[in-house]
Amino acid sequence: MTPADLSRTVLHAVRRAVDEDALRAPVPARVRVERTRPGGSGDYACAVALQLAGPAALPALEVARILRERVAAEPGVGRVEITGPGFLSFTLDAPAESDRAVLAAVREQGLAYGHGGALGDEIHQLHHAREVRAAVTAQAVFRLLVAQGARGRTTCEQAPDPDWVRLGVTVNAYGTPPTPLTEIRPVPAGATAGELLERLGPDAARWGLLRAAGHDRAALGPELLVQSEANPLFRVRYAHARARALTRGATALGFTAEAAPYGESPAPYDRAARPLLDLIADHPGVLLAGARHRAPDRVARQLEAVAHAFFDFHDSCPPLPAGDEKPSAAHRARLAIAEAAGTVLAGGLSLLGIRAPEHL
């Protein structure tokens, strides 16, 4: 069960409780589940009972008890606990099966993994100043919103800078339209698009403009062009290129990726793989949060974390056999994880408007 599956399961439980008249409250459009924080209980947690307590005119603990019995009966959910003032904590059944579901979703959806319709009822107009960081940020936020089903457009206070096109920025209109606006006003870059393109090129410039949170100053120095793992952009793109190289290497050795069989937890799913698998599973939630909070920097930091976990996994659990070693089920399963990581990295970079080269 993926986090998105669990969110739908909890929402279904709320609908059932309302239909059965056990709960008298409006059914929310969506239910948010997030990975349990350090020291917490279970794999995931949800605050929906606290959200519904007021409308239902019931204590949050009572709402949580109503929902717990309905969620606990669902396949894939091992245990549901109530913690604190009414949080629901979920422990999923059979981690290896949950991992298989995540890897299957990545393989099926490809670069669109993590996209969805959570914001399908929303329309946005992103309005920004005639400034390069604001323009690039607005375009990235627009991509994230569209990936979650929203509609909208971007507008600029004045006629756009012609150099913005080379940074992948399009503006639907300029001036101040009379409709409600969402202002995009990060700390200015302190340079024009033309200057950044000349010094850094489009990919490094976009990464530098988007990597920092909007209220922080963007780092736009020559370190963005350093070809070493000390440069986060290089590390992310190198991890993607390495994942693609593993696929080519496996093809040359005559085998392909295959997730571990249901019910089995071989070496690919041990402690070394856990951080990477968790980050891959969390990717849809990060994309949704980035869209909701107008924060493409969250996606950039997620990609950095995936790249770091990928190399840790790669070094601990090599996906390709060495020397006279024959390809095994473990190698095929490890390759499935590596390929999923590469897909997540390519998809995330694409949403930021940055190329993901196959070779570096």
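Residues numbered from 1 in each chain as written. Predicted model: local features only at pLDDT ≥ 70, side-chain atom pairs only at ≥ 80, totals over all residues. Heavy atoms only, no water.

1. Observations concerning the overall build of the protein chain
And step 1. A tally of regular secondary structure across the protein chain gives 10 helices and 8 strands.
And step 2. Burial analysis of the protein chain (360 residues in total) assigns 49% to the buried set.
And step 3. Put simply, 73% of the contacts in the protein chain that link residues at least 6 apart link residues at least 24 apart. (Helix = DSSP H or I, 4+ residues; strand = E, 2+ residues; numbered from the N terminus. Buried < 20%, exposed > 50% of the residue type's maximum accessible area, 1.4 Å probe, protein only. Contact = heavy atoms within 4.5 Å.)

2. Regarding the sheet that holds strand 4 (residues 87-92)
And step 1. Strand order across the open sheet formed by 4 strands is 1-2-4-3, with antiparallel pairing between neighbours. Both edges of this open sheet fall to strand 1 (33-35) and strand 3 (77-83), since each of them pairs with a single strand only. Pairwise comparison of adjacent strand axes, ignoring direction, gives a mean angle of 30° for this sheet.
And step 2. The strands touched by helix 1 (residues 3-19) are strand 1, strand 2 (44-46), strand 3 and strand 4; relative to strand 1, the strand with the most contacts, the crossing angle is about 140°. (Pairing = 2+ DSSP bridges. Axes fitted to C-alpha atoms, helices over the stretch in contact; angles between N-to-C directions.)

3. Some remarks on unusual backbone geometry
And step 1. Despite not being glycine, Asp-21 has its phi angle at roughly 65°, a positive value.
And step 2. Within the element layout of this structure, Asp-21 appears in the loop between helix 1 and strand 1.
And step 3. Assessed through its relative accessible area of 44%, Asp-21 is described here as partly exposed.
And step 4. With phi around 55°, Arg-294 is a residue other than glycine that occupies positive phi space.
And step 5. Among the structural elements, Arg-294 can be located in the loop between helix 8 (274-292) and helix 9 (296-316).

4. Some thoughts on the packing of helix 6 (residues 193-211) against helix 7 (residues 232-253)
And step 1. Across the interface, helix 6 lies against helix 7 with an axial gap of 10 Å and an inter-helix angle of 115°. In the crossing of helix 6 with helix 7, the sense of the turn from one axis to the other is right-handed. From helix 6, Asp-203, Ala-204 and Trp-207 reach across to helix 7, where they touch Pro-232, Leu-233, Val-236 and Arg-237.
And step 2. Of the residues assigned to the contact of helix 6 with helix 7, the class counts are 5 nonpolar, no polar and 2 charged. (Left-handed = near helix turned anticlockwise from the far one by under 90°. Nonpolar A, V, L, I, M, F, W, Y, C, P; charged D, E, K, R; others polar.)

5. Considering the sheet that holds strand 7 (residues 173-174)
And step 1. With parallel pairing, the 4 strands of this open sheet are ordered in space as 7-6-5-8. Each of the sheet's edge strands pairs with one partner strand only, and the pair in question is strand 7 and strand 8 (182-184).
And step 2. As paired elements, strand 5 (residues 123-128) and strand 8 share 3 bridges and run parallel to each other. Residue His-128 lies in a different strand from strand 8, and its bridge partner there is Ile-184.
And step 3. Relative to strand 5, helix 5 (residues 132-147) is tilted by about 170°, and along the sheet it contacts strand 5, strand 6 (151-156) and strand 8.

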